[in-house]
Amino acid sequence: MGRLKGAVLLTAGLAAMLLLGGCGGEKESLTVINYGMYLEESVIEGFENETGIEIKYEEAPTPEEMYTKYKSGAIEYDLLCTSEYMLQKLMDEGELVKVDFKQMEHYDNISEEFWDFVRSFDPENAYVMPYFWGTVGLLYDSEKTNGPLHSWDVLFDGSYAGDFIMPNSMRDAYMIALKYLGYSLNTTDEKELREAQELLLTQKPDVSAYLVDEARDEVLAGNAAIAAVYSGEAYYAYAEDPRFQYCIPDEGSNLWIDCFAVTKQCRNTENALKFLDYLCREDNARMNYDYVKYASPFKSMIESYGEEEKNSDAINPSPEKINNCEIFAPLPQETTDLMGELWKELKAQ
Amino acid sequence: MKRRSILAGPYILWIIGFTVIPLFFLVKYALTDRNGLFTLENIFAMFEPVHLKALVFSTEVAVLCTAICIVLSYPLVLSLKRLGLDKQSFSLYMLILPMWINFILRLLAWQMILSNNGILNYFLTSIGLRPLAIANSRTAIMIGIVYDYLPYMVLAIYNAVAEINEDIIEAARDLGAGGFLVFFRIILPLSVPGLLSGIVMVFVPSMTSFVTANILGGGKEQLIGNVIEEEFMTTMNWNLGSGLSLILMVFVLISMTFTARNESYEKESKIW
């Protein structure tokens, strides 16, 4: 029995070694969380080489999962990049800190238009820095559809049963149904949400799959004719082969902007700003754009757009199309809970 | 004896760090609500139709997959038994080889094989058959699970069958028993311990898996594991997620005691 103590001591010793081991090495670092395939790797390497600050890079597929990862507190993130409604939620919860973006050397490379855009939820431009923006729409293989698409109804009328992909992201899925029904995508009306639910439940047998990051590749691989995707995914597909077209449906859709923000867990705001500044630099903005293929808020990029990009709804949508779109707002907890319940019911059907 | 308890140190550390502490948190979350107040709601939530449905579906899938694994394993094991020793170990090696590759990669390979425009359908259409629509379905998930866990079943049964005394089988044959009778009266009853541990090793993980359903189910089919994952990752309701996990754990434990009870008096040839 006395020896059990020995075992316990040994255990404690090992545990202490593990804990201490985690504290070694005082190299400066930044922990960044971002969406998948949303930052060119060589940009990270370039930053590390130029500044000597190590980047610990994490990914999450949806805003909700990013929020969970952030909130779980297992890892302390210095910087995060997510969508406007999640940023608002984090701001409201006091998770983000104010920084002076004007300090950045390449501050001017972000078009004034986009600082304006984010002012709708960050009135002093103190919390978030625009990174990429876009819409949600239909990516389709024009050789498989009957002519160009212009409405969400192809997802609901059964004409492409088994041949289209819906987003596996709660708010995006309900956004499509709500917009198709002519409601606001920020509705808190239970009746409207239940109506959207009915629609999605009837639609489910026709859905080929619910996907986020893989949706575009499934269309490219010919496994589905249509997918509801973020605009950049569509431009990437178009760049691979022009037969892959994109449309922002006439009923309207979601206009979104993804931004970087500094969290209250950040250990070194100056380094965080250095990283953001680095992203704004012309060459890095270009490298990221070439990799990600989403619409850029950087002046240097916008000025360099070619004819194809200017004419593309995915990169440069017309003002009429944009006016038809809405931005997500954070929902009250009851609505989030209700939507969560409905989503679970839909997925279990 | 004294030295042994010191040697058990790492194991105790392991158990405390990765079983006891997590379990404590799981129970704590399961029995509280978002505000940290005691509640049994998360436990009873399993009986809500949405969750019950996922649980029933998971059980169906797990039972079916286990059954398929058994049916596939016996012929394989019996033919292995007939091979010479070197061929036997080579065949077992081939069976285990794919397990060296990360199982997510293997599932992604299945995704490519089964997709609408995938390898299987290319093959079918090129020999003039109609393409199959098994991508993102229950069938696809089950193919993935059976593929993943079949080796465990084969190894467990193989261990038991290899121990059967050849003389007994020969005696049966001498007394006029055919292959069929030998199998059902001798090989099957004598391999029950291995079969049972095989069942546990296939049933439990297939009951609780969610990655397979994520990758091969296209997000359309929800096993109970997927429901729990969504509670943790998307809805961020850790309390409900923990409650469901706890009940699932109890459910799995009950199904395990069911096999353990039969096992206690059997000779040990189980490998878990």
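The rules behind the values
Residues numbered from 1 in each chain as written. Chains lettered and ligands numbered in written order. Predicted model: local features only at pLDDT ≥ 70, side-chain atom pairs only at ≥ 80, totals over all residues. Heavy atoms only, no water. Helix = DSSP H or I, 4+ residues; strand = E, 2+ residues; numbered from the N terminus. Buried < 20%, exposed > 50% of the residue type's maximum accessible area, 1.4 Å probe, protein only. Contact = heavy atoms within 4.5 Å. Areas by Shrake-Rupley, 256 points an atom, 1.4 Å probe, with all protein chains shown as cover. Lys, Arg positive; Asp, Glu negative; His and termini not counted. Charge placed at Lys NZ, Arg CZ, Asp CG, Glu CD. Domains from an automatic or database assignment. Buried area = accessible area lost by both parts, 1.4 Å probe. Salt bridge = Lys/Arg side-chain N within 4 Å of Asp/Glu carboxyl O. Polar contact = N/O pair within 3.5 Å; in protein donor to acceptor, adjacent residues only side chain to side chain. Nonpolar A, V, L, I, M, F, W, Y, C, P; charged D, E, K, R; others polar. 1 Å grid on protein atoms, 1.4 Å probe; cavity = no way out; pocket = protein on both sides within 12 Å on 5 of 7 lines; lining within 4 Å. Points joined across faces, edges and corners; volume = space filled by probe spheres on them. Phe/Tyr/Trp six-rings, centres within 6.5 Å; stacked < 30°, edge-to-face > 60°. Lys NZ or Arg CZ within 6 Å of the ring centre and 35° of its normal. Axes fitted to C-alpha atoms, helices over the stretch in contact; angles between N-to-C directions. Parallel < 35°, antiparallel > 145°, perpendicular 65-115°, else oblique. Left-handed = near helix turned anticlockwise from the far one by under 90°.

**Notes on the overall build of chain B**
- Helices and strands together make up the secondary structure of chain B, namely 14 helices and zero strands.
- Along the chain direction, N to C, the helices and strands of chain B fall in the order α-α-α-α-α-α-α-α-α-α-α-α-α-α.
- Each principal axis of the C-alpha atoms in chain B carries an extent, and together these give about 70 × 70 × 35 Å.
- Here chain B, with 272 residues, has 42% of them falling under the buried criterion.
- Contacts in chain B between residues at least 24 apart in sequence constitute 70% of all its contacts with a sequence separation of at least 6.
- Total accessible area on chain B is roughly 15200 Å²; 70% of this is exposed by carbon and sulfur atoms.
- The centroid of the 18 positive side-chain charges in chain B is displaced by 3 Å from the centroid of its 18 negative side-chain charges.

**Thoughts on the domain arrangement of chain A**
Residue and element names in this part refer to chain A.
- Under the domain assignment, chain A is made up of domain 1 (28-133 + 256-323) and domain 2 (135-254 + 331-348).
- For domain 1 versus domain 2, the distance between C-alpha centres works out to 25 Å.
- Tallying the contact residues gives 21 residues for domain 1 and 21 residues for domain 2.
- Regarding the contact of domain 1 and domain 2, the summed buried area is about 1800 Å², with carbon and sulfur atoms giving 58% of it.
- Together, Trp256, Lys293 and Tyr294 form the three largest contributors to the area buried by domain 1 at its contact with domain 2, with a combined 30%.
- At the boundary of domain 1 and domain 2, one finds one salt bridge.
- If you look at where domain 1 meets domain 2, you find four residue pairs in polar contact (both at pLDDT 80 or more).
- Secondary-structure elements contributing two or more residues to the side of domain 1 that touches domain 2 are helix H4 (84-92), helix H11 (282-292) and helix H13 (307-310).
- When residues of the side of domain 1 that touches domain 2 are assigned to their parent elements, the largest contribution, three residues, is made by H11.
- Of the residues in the side of domain 1 that touches domain 2, the class split is twelve nonpolar, two polar and seven charged.

**Let's talk about the domain arrangement of chain B**
Residues and elements named next belong to chain B.
- By the assigned domains, chain B splits into domain 1 (1-30) and domain 2 (43-263).
- Listed per partner, the contact involves five residues of domain 1 and eight residues of domain 2.
- Taken over both partners, the interface formed by domain 1 and domain 2 buries close to 580 Å², and the fraction arising from carbon and sulfur atoms is 76%.
- On the domain 1 side of the interface with domain 2, the three residues burying the most area are Leu26, Tyr29 and Ala30, jointly 84% of the side's total.
- Where domain 1 packs against domain 2, one counts zero salt bridges.
- Joining domain 1 to domain 2, the criterion identifies one residue pair in polar contact (both at pLDDT 80 or more).
- Residues of the side of domain 1 that touches domain 2, tallied by class, amount to five nonpolar, no polar and no charged.

**Quick word on the layout of surface pockets**
- Within this model, the largest pocket holds a volume of roughly 730 Å³.
- For the largest pocket, the lining is made up of 29 residues, of which Pro61, Glu65 and Asn168 of chain A together with Asn214 and Glu229 of chain B are closest to its centre.
- Elements supplying a minimum of two residues to the lining of the largest pocket: strand E2 (54-60), helix H3 (63-72), strand E6 (207-211) and helix H15 (333-348) of chain A together with helix H6 (103-114), helix H12 (211-216) and helix H13 (224-233) of chain B.
- The leading source of residues in the lining of the largest pocket is H13 of chain B, at four residues.
- Residue classes in the lining of the largest pocket are distributed as eleven nonpolar, nine polar and nine charged.
- Computed from the structure, the second largest pocket encloses a volume of approximately 580 Å³.
- Considering the residues around the second largest pocket, the lining is formed by 26 residues, among which Tyr67 and Lys89 of chain A together with Arg34, Thr235 and Met236 of chain B are closest to the centre.
- Sorting the residues of the lining of the second largest pocket by element identifies H3, H4, helix H6 (170-180) and H15 of chain A together with helix H2 (9-30) and helix H14 (238-263) of chain B as the ones contributing at least two each.

**Some points on the interface of chain B and chain A**
- Tallying the contact residues gives 30 residues for chain B and 33 residues for chain A.
- Buried surface at the junction of chain B and chain A, summed over both partners, amounts to about 2800 Å²; 59% is from carbon and sulfur atoms.
- Where chain B touches chain A, the interface holds three salt bridges.
- When the shortest N-O distance is used, the salt bridge between Lys344 of chain A and Glu231 of chain B registers 2.5 Å.
- For the pair chain B and chain A, the interface holds 14 residue pairs in polar contact (both at pLDDT 80 or more).
- When contributions to the side of chain B that touches chain A are tallied by element, the ones reaching two or more residues are helix H1 (2-7), H2, helix H4 (49-82), H13 and H14 of chain B.
- Counting residues per element, the side of chain B that touches chain A draws most heavily on H13 of chain B, which supplies five residues.

**A short note on unusual backbone geometry**
Residue and element names in this part refer to chain A.
- In this structure, Asn125 takes a positive phi of about 50 degrees despite not being glycine.
- With respect to the helices, strands and loops of the structure, Asn125 is situated in the loop between helix H5 (112-118) and strand E4 (128-141).
- The backbone of Lys293 shows a phi angle near 65 degrees, a positive value even though the residue is not glycine.
- Mapping Lys293 onto the fold places it in the loop between H11 and helix H12 (299-304).
- Taking relative accessible area as the criterion, Lys293 reaches 15% and is therefore assigned buried.

**Description of the packing of aromatic side chains**
- Summed over the entire model, instances satisfying the criterion amount to 31 aromatic pairs over all chains.
- Seen from their ring centres, Tyr85 of chain A and Phe328 of chain A are 5.1 Å apart, and the 70 degrees between their planes marks the pair as edge-to-face. Within this pair, whereas Tyr85 of chain A is found in helix H4, its partner Phe328 of chain A is found in the loop between helix H14 (319-323) and H15, the two being separated by 243 residues in sequence. In this structure, Tyr85 of chain A and Phe328 of chain A share a single accessibility class: buried.
- When the ring centre of Tyr210 of chain A is taken as origin, the NZ or CZ atom of Lys347 of chain A, which lies over that ring, is 5.7 Å away.
- Directly above the ring of Tyr29 of chain B sits Lys28 of chain B, whose terminal nitrogen or CZ lies 5.7 Å from the centroid.

**Topic: empty space enclosed by the protein**
All names here are of chain A.
- Following the criterion strictly, the structure yields three cavities of 30 Å³ or more and no others.
- Empty space within the largest cavity amounts to approximately 360 Å³.
- Where the lining of the largest cavity is concerned, the elements lending two or more residues are H4, H6, strand E7 (226-230) and strand E9 (255-262).
- Its residues assigned to classes, the lining of the largest cavity comprises 17 nonpolar, four polar and six charged.
- Per-domain counts for the lining of the largest cavity show at least three residues from each of domain 1 (28-133 + 256-323) and domain 2 (135-254 + 331-348).
- There is about 100 Å³ of room inside the second largest cavity.

**Some thoughts on the packing of helix H5 (residues 85-96) of chain B against helix H8 (residues 138-163) of chain B**
Residue and element names in this part refer to chain B.
- For the pair H5 and H8, the least separation of the axes is 10 Å and the interaxial angle reads 150 degrees. With respect to their mutual orientation, H5 and H8 come out roughly antiparallel. H8 is crossed by H5, and the crossing has left-handed handedness. Between H5 and H8, the contacting residues are Gln88, Leu92, Leu95 and Ile96 on the first element and Pro151, Val154, Leu155 and Tyr158 on the second.
- Considered class by class, the residues forming the contact of H5 with H8 number seven nonpolar, one polar and no charged.

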